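Working through the structure, step by step
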Amino acid sequence: MVDLKNKIRALRSSFDEGLAQAGDKDSLKELRNTYLSRKKGRITLLLKELKNVSPTERPEVGKQVNEFKNYVAQKLEEYSKTLEEPRHIKFDMDLTLPGKRRYRGAPHPILLYKKRIEQIFLLMGFSIEDGPEIETDYYNFEALNFPPHHPARDDWDTLYLSDDLLLRTHTSPVQIRVMEKKKPPIRMINPGKVYRRETPDPTHIPMFYQVEGLVVDLGITFAHLKGTLECFLKALYNEKIKIRFRPSYFPFTEPSAEVDIGCTVCRGEDRQCRVCGGSGWIEILGAGMVDPQVLKNVNIDPEKYSGFAFGMGIDRTAMFSFRIPDLRNFYENDLRFIRQFS
Ligand code: DAH
């Protein structure tokens, strides 16, 4: 039995040697035959010798022979796999070239800014509403108290799709849509795209974003409007921002106001400032108390309820916040520009 064990040991080392020298498929095949061939394979012969081992020792020696057989089979298999792969990888590439960069996108600054605005109003308990960009004349104008042919319509350079359909010129039609569906108390904002027939220049583009706000409830006054907008603008810019209300006119609010903030670029110190024109103030939104006629148009009793509304250009405000000199930068899709804001 000692004999057979020694034999296994010797065969294993000669197999290992043979394997180390086998450089191709043919020599591997030869090695397999030498050890595993059914008739004269060295392991086959070993198995045959088992019968000479005493029955008490046979199981253990048999186990060793089997283990050796599995070892040989496994090694041959492993090695034949490595032979299939190229043994020497040729580097016919230039390792000094810069690697390929992962494509990196970025959220658009207008969308980031829109989110910031939404966040502030959500904290104040406002809901966020949505409305169509293709509107009817009724929602964009008539329900907002612009009678047909009223000259106030000229302030909104409208892109008509047909006599009755148009691309909404402001987000105000969503006020009507919301008030038709919900009854007071209403506290909502609605950010979205609007369209006007404008020739692009640093401060005008034919498509831009607005955010509309509307509050309707019992006992709403102009003081609520002022307080809400001051709170919002301080959160958006900073505590020290200067704010002023100027009387204005919109068909859907009475009284109406326009709201200016102190110029964020020159802070009122540059008579030549291109952003504020030297006045020290920039106009950022329109607002007012919802006209009683508008409430009547949606079957809300103006004797009982009152409300305020406002509308602000998001692109414009973002432009002043980020001190961007030209609105068109937002829409040129230059990633070097866009990535600066994320
Ligand atoms: N819709 C107006 C515009 O596009 C902005 C505006 C003014 C909205 C006053 C309002 C408002 O809700 O009350 O210029």
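This text follows the structure it describes.
Before going into details, it helps to say that this report is about the structure given with it. Each chain carries its own residue numbering, running from 1 in the written order of its sequence. A pLDDT threshold of at least 70 governs which residues receive local features in this predicted model, and a stricter bar of 80 or more applies before side-chain atom pairs are shown or counted, although totals over entire chains, interfaces and linings include all residues. Only hydrogens and water are set aside when side-chain values are computed; all heavy atoms of the structure are taken into account.

Attention now goes to the site of the ligand. Here a residue counts as near a molecule or strand whenever at least one of its heavy atoms sits within 4 Å of it. Residues in contact with the ligand amount to 16 residues; listed here are only the nearest, H170, S172, Q175, R196 and E212. Polar contact criterion, stated in full: a pair of N or O atoms within 3.5 Å, where within protein one must be able to donate a hydrogen and the other to accept it, and residues adjacent in sequence count only if both atoms are side-chain atoms. In the model, a nitrogen atom of the ligand is placed 3.0 Å from a nitrogen or oxygen of the S172 side chain. Here an oxygen atom of the ligand sits 2.6 Å away from a polar atom, N or O, in the side chain of E212. Here the ligand loses 92% of its free accessible area of 350 Å² to cover by the protein chains. For the accessible areas, the method is Shrake-Rupley and the probe is 1.4 Å, while residue cover comes only from the protein chains on display.

Its boundaries defined by the atoms lining it, the largest pocket holds a volume of some 760 Å³. Lining the largest pocket are 33 residues, with W156, R196, Q210, F250 and E283 positioned closest to its centre. Strands here mean DSSP runs of E at least two residues long; helices mean DSSP runs of H or I at least four residues long; both are numbered from the N terminus. At the level of elements, β6 (207-218), β7 (243-250), β8 (253-262), β9 (281-290), β10 (305-313) and α10 (314-322) are the ones that each hand at least two residues to the lining of the largest pocket. With six residues, the single largest contributor to the lining of the largest pocket is β9. Of the residues contributing to the lining of the largest pocket, the split by class is 13 nonpolar, twelve polar and eight charged. Buriedness of a pocket was judged along seven lines, with at least five required to meet protein on both sides within 12 Å; pockets are open sets of points on a 1 Å grid over the protein atoms alone, cavities are sets where a 1.4 Å probe fits but cannot get out, and lining residues have an atom within 4 Å of a point. Grid points are joined across faces, edges and corners, and a volume is the space filled by probe spheres set on the points. Quantified by volume, the second largest pocket comes out at close to 270 Å³. The wall of the second largest pocket is formed by 16 residues, among which N238, I241, G262, T264 and R267 lie closest to the centre. When its residues are assigned to classes, the lining of the second largest pocket shows five nonpolar, six polar and five charged. When residues are grouped by polarity, Ala, Val, Leu, Ile, Met, Phe, Trp, Tyr, Cys and Pro land in nonpolar, Asp, Glu, Lys and Arg in charged, and all others, Gly among them, in polar.

With that out of the way, let us pick up the sheet that holds β10. Being paired, for any two strands, means DSSP has found at least two bridges between them. Across the sheet, which stays open at both edges, the seven strands sit in the order β1-β5-β6-β10-β9-β8-β7 with mixed pairing between neighbours. At either end of the open sheet lies a strand with only one pairing partner, and these are β1 (127-128) and β7. Across seven bridges, β7 lies against β8 in antiparallel orientation. Residue pairing in the sheet places F245 in a bridge with V259 of β8.

Taking strand neighbours across the sheet as the criterion, the three strands line up as β2-β4-β3 in an open arrangement whose pairing is antiparallel. With partners counted over all chains shown, the strands left at the sheet margins are β2 (134-136) and β3 (159-160), one partner each. Bridge analysis of β2 against strand β4 (residues 165-167) gives three bridges, and the strand direction is antiparallel. Bridging across to β4, T136 finds its partner in L165.

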